[in-house]
Amino acid sequence: MSKGTAVVTGSGQGIGKGIAERLAKDGFAVVLGDLNEEVLKGTVKEFEQAGYQVAYFVGDVTKPEDQKALVHQAVNTFGSTDVFVNNAGVAHVGPVLELKEQNLDLLFKVNVFGTVYGIQAAAEQMKQQDNGGKIINACSIAGHQSFPMMGLYSATKFAVRGFTQAAAKELAQFNIKVNAYCPGIVGTGMWERIDDVMTNYQGIKKGEAFKKAIESIALGRPEKPEDIANFVSFLASSDSDYITGQSILIDGGIVFN
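Reading the values: rules and limits
- Residues numbered from 1 in each chain as written.
- Predicted model: local features only at pLDDT ≥ 70, side-chain atom pairs only at ≥ 80, totals over all residues.
- Heavy atoms only, no water.
- UniProt positions renumbered as here; feature names shortened; annotations may be inferred.
- Salt bridge = Lys/Arg side-chain N within 4 Å of Asp/Glu carboxyl O.
- Helix = DSSP H or I, 4+ residues; strand = E, 2+ residues; numbered from the N terminus.
- Buried < 20%, exposed > 50% of the residue type's maximum accessible area, 1.4 Å probe, protein only.
- Pairing = 2+ DSSP bridges.
- Phe/Tyr/Trp six-rings, centres within 6.5 Å; stacked < 30°, edge-to-face > 60°.
- Lys NZ or Arg CZ within 6 Å of the ring centre and 35° of its normal.
- Axes fitted to C-alpha atoms, helices over the stretch in contact; angles between N-to-C directions.
- Parallel < 35°, antiparallel > 145°, perpendicular 65-115°, else oblique.
- Left-handed = near helix turned anticlockwise from the far one by under 90°.
- Contact = heavy atoms within 4.5 Å.

- The chain has the name diacetyl reductase [(S)-acetoin forming] in an unreviewed UniProt entry, where Sporolactobacillus terrae is given as its organism.
- Under the UniProt heading Sequence similarities (unreviewed entry), the note attached to the chain is "Belongs to the short-chain dehydrogenases/reductases (SDR) family."
- Looking at the Function (unreviewed entry) heading of the UniProt record, one finds this comment for the chain: "Catalyzes the irreversible reduction of 2,3-butanediol to (S)-acetoin in the presence of NADH."

Given below as structure tokens:
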């Protein structure tokens, strides 16, 4: 028996794919959203072969009409939107003094505007449902503490944390819980790009920035997508029904607050 419908943005690959797969294993029908149609269809095929209930939508999170259409796809296919995960995001590495308008524009549009549009689209549907729903946003350790060369990314994640708190307070009356997950150093393509830029700016060997970052983790290893997916599974479940407005660190012990 299905637990309901979970929508995950940026779920063609990486962390989003891991989250969607875990929710599918938990018994949710899943709707995958991504801008990269080729990658997305490959993931959909994998999910179908695994026997998961899956649908997909090719869309841009920076367009409110696409976020609404993603929710409509979930409702039209499976009847509801019970969980909406605002996972899609992009990173930027570089000094504050070198930031350009296009850098600011891209990161705020994807990470902040995209999250807000996702919250709006999901809440509009969830308000019509007797059981409300769960909205789960992608924050970061950088949403709790800023780091050198990560100022712009951090600013967008602080914004996500702020919107998570405000939306939680506004939507509680409709039984809609809003929380965020805050990963640390995940061994995905995003960190490979971060390492490349750090190498150029700091004049160090490739891989050294990543190695130093891992050494700063109390548990001594990089994060895996399943570490995040496990926590999102909890937030999507009834076990978290008394939690809202929180942006919770899952970083292996980097930021402590």
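Now, onward.
### Digging into the pattern of salt bridges
Then, in step 1: For the structure on display, the rule yields eight salt bridges.
Then, in step 2: Note that aspartate 241 is salt-bridged to lysine 134, the shortest N-O span being 3.1 Å. Here aspartate 241 is found in the loop between α8 (225–236) and β7 (247–250), whereas its partner lysine 134 is found in strand β5 (residues 133–138), with 107 residues between them in sequence.
Then, in step 3: Its relative accessible area of 37% is what places aspartate 241 among the partly exposed residues.
Then, in step 4: Across the pair glutamate 215 and lysine 211 runs a salt bridge, and its minimum N-O distance is 3.0 Å. Of the two residues, glutamate 215 and lysine 211 both sit in helix α7 (residues 208–215), four residues apart, roughly one turn of that helix.
Then, in step 5: What makes glutamate 215 exposed here is its relative accessible area of 56%.
Then, in step 6: Taking relative accessible area as the criterion, lysine 211 reaches 52% and is therefore assigned exposed.

### A look at the pairing of strand β6 (residues 176–183)
Then, in step 1: In terms of burial, β6 is a largely internal element, eight of the eight residues being buried.
Then, in step 2: Of the two faces of β6, both are covered, the one formed by Ile176, Val178, Ala180 and Cys182 as well as the one formed by Lys177, Asn179, Tyr181 and Pro183.
Then, in step 3: Bridge analysis of β6 against β7 gives four bridges, and the strand direction is parallel. In the sheet register, proline 183 faces β7, and the bridge partner there is isoleucine 250.

### Description of the packing of aromatic side chains
Then, in step 1: Within the structure shown, the criterion is met by three aromatic pairs.
Then, in step 2: A ring pair is formed by phenylalanine 113 and tyrosine 117, whose centres lie 6.4 Å apart and whose planes are at 70°; its orientation type is edge-to-face. One end of the pair, phenylalanine 113, and the other, tyrosine 117, are both in helix α4 (residues 101–126), four residues apart, so they sit about a helical turn from each other.
Then, in step 3: Arranged with centres 6.0 Å apart and planes meeting at 40°, the rings of phenylalanine 231 and phenylalanine 234 form a pair that is tilted. Of the two residues, phenylalanine 231 and phenylalanine 234 both sit in helix α8, three residues apart, roughly one turn of that helix.
Then, in step 4: Given the relative accessible area of 29%, phenylalanine 234 is considered partly exposed.
Then, in step 5: Against the face of phenylalanine 174 rests lysine 127, its NZ or CZ located 4.8 Å from the ring centre.

### Section: the packing of α4 against helix α5 (residues 151–171)
Geometrically, a packed helix pair is captured by the angle between its two axes and the distance between the axes.
Then, in step 1: As a packed pair, α4 and α5 sit with axes 9 Å apart at the nearest point and diverge in direction by 15°. Taken together, the axis directions place α4 and α5 in an arrangement best described as roughly parallel. By crossing handedness, the relation of α4 to α5 is classed as right-handed. Of the residues in α5, those touching α4 at Asn103, Leu104, Leu107, Phe108, Asn111, Val112, Thr115, Val116, Ile119 and Ala123 are Leu152, Tyr153, Ala155, Thr156, Lys157, Ala159, Val160, Phe163, Ala167 and Leu171.

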